[in-house]
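So you can see what is in the structure, the chains are spelled out below.
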Amino acid sequence: MIYDVLIAGAGVIGGMLAREMTKYRVSVCLLEKENDVACGASKANSGIIHGGFDPEPGTLKARLNVEGVSLLYEAARQLHVPYRNNGSIVVAFGKAEEQVLDTLYQRGRINGVEEMKLLSGEEVRRLEPSLSGEVTGALLVPSAGIICPYALTIAAVGNAMDNGAALKRNFDITEIEENNHVFTVTAADGRRVQGRYFVNCAGACAGRIAALAGDGFFDIIPRAGEYLLLDKSEGKTVSHTVFHTPTKNGKGVLVAPTVDGNLLTGPTAAVVDTPEDTRTTPQGLETVMRLAAKGVPSINFRKVITSFCGVRASEQNGDFIIEASTRVNGFIHVAAIDSPGLSSCVAIARCTADILRRCGLILEENPSWNGSREDTRAYRSMDEQEKEIYIKQHPEYGRIVCRCETVSEGEIVDAIRRNPPAFDVDGVKRRTRSGMGRCQGGFCLPYIMRLIAEENGIPFEQVTKKGGQSFLLAGGR
Ligand SMILES: Cc1cc2nc3c(=O)[nH]c(=O)nc-3n(C[C@H](O)[C@H](O)[C@H](O)COP(=O)(O)OP(=O)(O)OC[C@H]3O[C@@H](n4cnc5c(N)ncnc54)[C@H](O)[C@@H]3O)c2cc1C
């Protein structure tokens, strides 16, 4: 089969684009090198829906961020992805930083951000009592919010698949040939797919993919960001997302609640050699603790439950690259999607659909498109009466597998069965939160492995953490 549109990369951008494409009568196939979706920057970022005051006016980032916020809230509602419109504040320490706040405020107004407010130190501490006494002023941005980035990606891909999109996992693109307006794309294992249009949404690897197609005119600079995640007991330390004034390296270390009730601190910003370098380092994590504590001194870092690192796909000009290739017919670049890419994802998908249309793809409405996705029944969010009724009908919801996050067997089986199916332990974890609590999977791991093995009809010892050779067991004993 020759697909109408091939999309490289099943992160939040590729996923949202696939969903957007299914609104039309076109066939679409997502090509992803990992064993699951949401394995790149879309699984390891701050999860902030930025208001849009930070990007330089006139840039694609400024336009798509501001357009993207309300579109993202709407998509999250349709897809049943939890989000919270908690607002963000940028805090200043002293006169020089207060001037930066003024600049951000003016920039935000030019970009079209509504309802921003400049506050004094006292005013902002009334809103956020745990802020340092040294904070002298703040910019409040009520439209900002928080969302779980991998839940959003999984839901976007799942909804695209429910509407007919195909997903090829473990498809590591190594060759791209264009002939007579047909792309033939080959994976490392020799599999091939063909399509009429090719959209490059490969995140930090987008430079490599563009080069494979013969249009590698940009270089992606991988910039790592390290985080510390704290236990749910600390989740109410702040209610807004607290930023420091931005520097040339980014928005700086933030302190934010997560939609799941934890407290997040980070990220750092350090150029690394490869997009695959997601190590955390003692220096990086010390920097996170020092800078986070400057704004919010009461953070209890003894309650850290895990650390992680995500790699930004930066480019030297600082803006998103979303355009049709001038060298390769039908090839679209959606590259350098660093922050605020998550906030802009729906707007980026729409902008890319317009480019495809201008390149000749016929986009006729698909009358059977269904943009909403059924909500998964999370045991922990049901009240007692609901639990009783639901468990009577589905006894597997009465068996709790992950005690820290209260995840039932029913939810895990759903995660393995529904689009996009989870094939490994990390996939189940991202879909259900099993293994994300205090014990980090210490108790529930063998049970989850058994469910993955049974559902997929594979031996227990072949279950992996994240595909490939990441086997969890060395033998049968
Ligand atoms: C530390 C950090 C903090 C951030 N914070 C925020 C924030 O708070 N708010 C916000 O709006 N944005 C934020 N961002 C930006 C946001 O995370 C990204 O813009 C977004 O996730 C990019 O999505 P993507 O789909 O382009 O990339 P990715 O999620 O990286 O997806 C690209 C996919 O392409 C696949 N791929 C790569 N090479 C190949 C190949 N050869 N063959 C097949 N597939 C391939 C990868 O495996 C990957 O799954 C942050 C980013 C980072 C790293």
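J.: Would you mind showing me how to read the state of the cysteines here?
T.: Disulfides are covalent bonds that link the sulfur atoms of two cysteine residues. Taken as a whole, this structure holds 0 disulfides when the rule is applied. With no disulfide of its own, Cys39 lies closest to Cys205 among cysteine sulfurs, the gap being 12 Å. Accessibility expressed as a relative area gives 23% for Cys39, which makes it partly exposed. Free cysteine Cys148: the closest other cysteine sulfur is in Cys345, separated by 13 Å. The class for Cys148 is buried, based on a relative accessible area of 9%.

J.: Hey, could you run me through the sheet that holds strand β3 (residues 48–49) in this one?
T.: Paired through backbone hydrogen bonds, the strands of a sheet run either parallel or antiparallel to each other. Judged by pairing direction, the sheet is antiparallel, and its 3 strands sit side by side in the order β3-β8-β4 without closing on themselves. Both edges of this open sheet fall to β3 and β4 (83–84), since each of them pairs with a single strand only. Here 2 bridges tie β3 to strand β8 (residues 145–147), and the two strands are oriented antiparallel to one another. Each residue of the ladder has a partner; that of Ile49, found in β8, is Gly145.

J.: Even after reading the chapter, I still don't get the pairing of strand β13 (residues 221–230), so can you show me in this structure?
T.: Note on strand geometry: in a regular strand, side chains alternate between the two faces of the sheet. The element β13 is largely enclosed, with a buried count of 9 among its 10 residues. Relative to strand β18 (residues 304–314), β13 runs antiparallel, the two sharing 10 bridges. Bridging across to β18, Leu229 finds its partner in Thr306. Here β13 runs beside strand β17 (residues 270–271); their pairing, made up of 2 bridges, is antiparallel. Within β17, the position partnered with Arg223 by the bridge is Val271.

J.: What is the right way to read the pattern of salt bridges from this model?
T.: A complete count under the given rule lists 27 salt bridges for this structure. In this structure, the salt-bridge partner of Arg433 is Asp260, at a minimum N-O distance of 3.0 Å. With Arg433 in the loop between α11 (425–432) and α12 (445–456) and Asp260 in the loop between β15 (254–257) and β16 (263–266), the pair connects residues that are 173 residues apart, well separated along the chain. Residue Arg433 is classed as buried on the basis of its relative accessible area of 8%. Note that Asp426 is salt-bridged to Lys465, the shortest N-O span being 3.0 Å. Here the residue Asp426 occupies a position in helix α11, and Lys465 occupies one in the segment after α12, the gap between them amounting to 39 residues. On the basis of relative accessibility, which here comes to 36%, the residue Lys465 falls in the partly exposed class. Three or more residues joined by partner-sharing salt bridges are found here, namely Lys232, Asp260, Glu405 and Arg433.

J.: Just checking my understanding: could you explain the environment of Asn317 for this structure?
T.: Tracing the sequence through the fold places Asn317 in the loop between β18 and β19 (321–324). Taking the C-alpha atoms as reference points, Asn317 and Ile154, 163 residues apart in sequence, are found 30 Å from one another.

J.: Help me out: how do you make sense of the site of the ligand in this one?
T.: Around the ligand, the structure places 38 residues, and the nearest of them are Glu32, Ser42, Ile48, Ile337 and Ser343. Here an oxygen atom of the ligand sits 3.3 Å away from a polar atom, N or O, in the main chain of Val12. With respect to the ligand, the side chain of Ser42 contributes an N or O atom lying 2.5 Å from an oxygen atom. Coverage of the ligand by the protein amounts to 96% of the 1000 Å² it exposes when considered alone. Counting residues per element, the ones that place at least two in the shell around the ligand are α1 (12–21), β13 and β18.

J.: Even after reading the chapter, I still don't get the packing of helix α2 (residues 60–79) against helix α8 (residues 345–358), so can you show me in this structure?
T.: Where α2 meets α8, the axes come as close as 6 Å, and the angle between the chain directions of the two elements is 110°. Taken together, the axes of α2 and α8 are roughly perpendicular relative to one another. Between α2 and α8, the residues in contact are Arg63, Leu64, Glu67, Gly68, Leu71, Leu72 and Ala75 and Cys345, Val346, Ala347, Ile348, Arg350 and Cys351, respectively. A breakdown of the residues in the contact of α2 with α8 according to their chemical character gives 9 nonpolar, 1 polar and 3 charged.

Conventions used here
- Residues numbered from 1 in each chain as written.
- Predicted model: local features only at pLDDT ≥ 70, side-chain atom pairs only at ≥ 80, totals over all residues.
- Heavy atoms only, no water.
- Disulfide = S-S within 2.5 Å.
- Buried < 20%, exposed > 50% of the residue type's maximum accessible area, 1.4 Å probe, protein only.
- Pairing = 2+ DSSP bridges.
- Helix = DSSP H or I, 4+ residues; strand = E, 2+ residues; numbered from the N terminus.
- Salt bridge = Lys/Arg side-chain N within 4 Å of Asp/Glu carboxyl O.
- Near = heavy atom within 4 Å.
- Polar contact = N/O pair within 3.5 Å; in protein donor to acceptor, adjacent residues only side chain to side chain.
- Areas by Shrake-Rupley, 256 points an atom, 1.4 Å probe, with all protein chains shown as cover.
- Axes fitted to C-alpha atoms, helices over the stretch in contact; angles between N-to-C directions.
- Parallel < 35°, antiparallel > 145°, perpendicular 65-115°, else oblique.
- Contact = heavy atoms within 4.5 Å.
- Nonpolar A, V, L, I, M, F, W, Y, C, P; charged D, E, K, R; others polar.

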